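# Structural description and commentary
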Amino acid sequence: MWIDIESFQFVENTISIYLELLKNYDATGVALQSYLKRSPSDLLHLLEEGAKVRLVKGAYRQNEANAFQSIDKINSNFSKLMKMLFENNGNTDIFAIATHDSRLINEAIELSEKFGTDKRFEFQLLMGIHDEMKKMLVERRFKVSEYIPYGSQWLPYSIRRIRERKRNILLLARSIIQP
Ligand SMILES: Cc1cc2nc3c(=O)[nH]c(=O)nc-3n(C[C@H](O)[C@H](O)[C@H](O)COP(=O)(O)OP(=O)(O)OC[C@H]3O[C@@H](n4cnc5c(N)ncnc54)[C@H](O)[C@@H]3O)c2cc1C
């Protein structure tokens, strides 16, 4: 079970609740956002505790004090965190690279070649986005999970996806119309 991280004010609590949960349920993981300036130190702490981490860029509007605003900085922090995950020799080798950014996906492939196949990481992508990339990754024998939204909170979720990319309104319309 993967736990999402939402806006900045929930980060501290989400991580501590997750670490409590991890003591009894080891098949659990938590998201970490590369746009947050605090994430490298959170990641160090999480890895020390044997946590499983899903790395994402971050989907909520955050202020400059807490989060990088430029895509270059968000991406380079993502690269830095991803390298930390591959380099980690701690209690867990399980982690997830959750992005559709082909440059970062290629970087992850290079890191996996460099650090060997014992890292049990997986790529995670949203349903309906970059399906051709998922196919390519599976063909190259990488593990790929697709994130499928369901449940009562579908509207705020869909609004976030539309905010990221206006064209997703078509994806949403299609999923409502299709049986
Ligand atoms: C499995 C999973 C779990 C996530 N969990 C969290 C979480 O817990 N907390 C959180 O804050 N965020 C979460 N996110 C969202 C994440 O933070 C980003 O907002 C989202 O993934 C878009 O960033 P990107 O890494 O794909 O890179 P971007 O730089 O945004 O995009 C790279 C390329 O991917 C494609 N793309 C990206 N997004 C879309 C889209 N919505 N529609 C169509 N094409 C797109 C485009 O081609 C774009 O050029 C999650 C994402 C995934 C895949």
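These numbers come from a predicted model, not from an experiment.

Quick notes on the rules
Residues numbered from 1 in each chain as written. Predicted model: local features only at pLDDT ≥ 70, side-chain atom pairs only at ≥ 80, totals over all residues. Heavy atoms only, no water. pLDDT = per-residue confidence, 0-100. Helix = DSSP H or I, 4+ residues; strand = E, 2+ residues; numbered from the N terminus. Patch = residues over 30% accessible without salt bridge, like charges linked within 9 Å, V, L, I, M, F, W, Y side chains within 5 Å. Areas by Shrake-Rupley, 256 points an atom, 1.4 Å probe, with all protein chains shown as cover. Salt bridge = Lys/Arg side-chain N within 4 Å of Asp/Glu carboxyl O. Buried < 20%, exposed > 50% of the residue type's maximum accessible area, 1.4 Å probe, protein only. Near = heavy atom within 4 Å. Polar contact = N/O pair within 3.5 Å; in protein donor to acceptor, adjacent residues only side chain to side chain.

With that settled, the discussion passes to the confidence of the model for the protein chain. A residue-level look at the protein chain finds 96% of positions with pLDDT of 70 or above and a mean pLDDT of 90. Mean pLDDT across the elements of the protein chain ranges from a minimum in helix α7 (residues 168-177), with 74, to a maximum in strand β2 (residues 29-33), with 98.

The next thing to look at is a nonpolar patch on the surface. A cluster of nonpolar side chains, W154, L155, I159, I176 and I177, forms an exposed patch at the surface whose accessible area comes to about 540 Å². Every element with two or more residues in the nonpolar patch is listed here: α6 (154-164) and α7. It is α6 that provides the largest number of residues to the nonpolar patch, a total of three residues. Under the relative-accessibility criterion, L155 is labelled partly exposed at 44%.

A word on the environment of I159. Following the sequence through the fold, I159 ends up in helix α6. The spacing of I159 and I169 is ten residues in sequence and 8.8 Å in space, taken between C-alpha atoms.

Near the ligand, the surroundings consist of 24 residues, among which I5, K57, G58, T99 and H100 are the closest. D4 places a side-chain nitrogen or oxygen 3.4 Å from an oxygen atom of the ligand. Note that an oxygen atom of the ligand is positioned 3.1 Å from one of the side-chain N or O atoms of H130. Contributing elements (two or more residues each) for the shell around the ligand: β2, β3 (53-56), β5 (121-126) and α6. Looking at the shell around the ligand, the element that brings in the most residues is β5, giving three residues.

Pairing of side chains with opposite charge becomes possible as their charged atoms draw close. Counted under the stated rule, the structure contains twelve salt bridges. Across the pair K143 and E122 runs a salt bridge whose closest N-O atoms are separated by 3.3 Å. Of the two residues, K143 sits in the loop between α5 (131-139) and β6 (144-147) while E122 sits in strand β5, which places them 21 residues apart along the sequence. On the accessibility criterion, K143 (53% relative accessible area) is exposed. Here K134 and E146 are joined by a salt bridge, their closest N and O atoms 2.7 Å apart. Here the residue K134 occupies a position in helix α5, and E146 occupies one in strand β6, the gap between them amounting to twelve residues. On the basis of relative accessible area, K134 is assigned to the buried category, the value being 8%. Several salt bridges converge on common partners, so that one network encompasses E12, R38 and D42.

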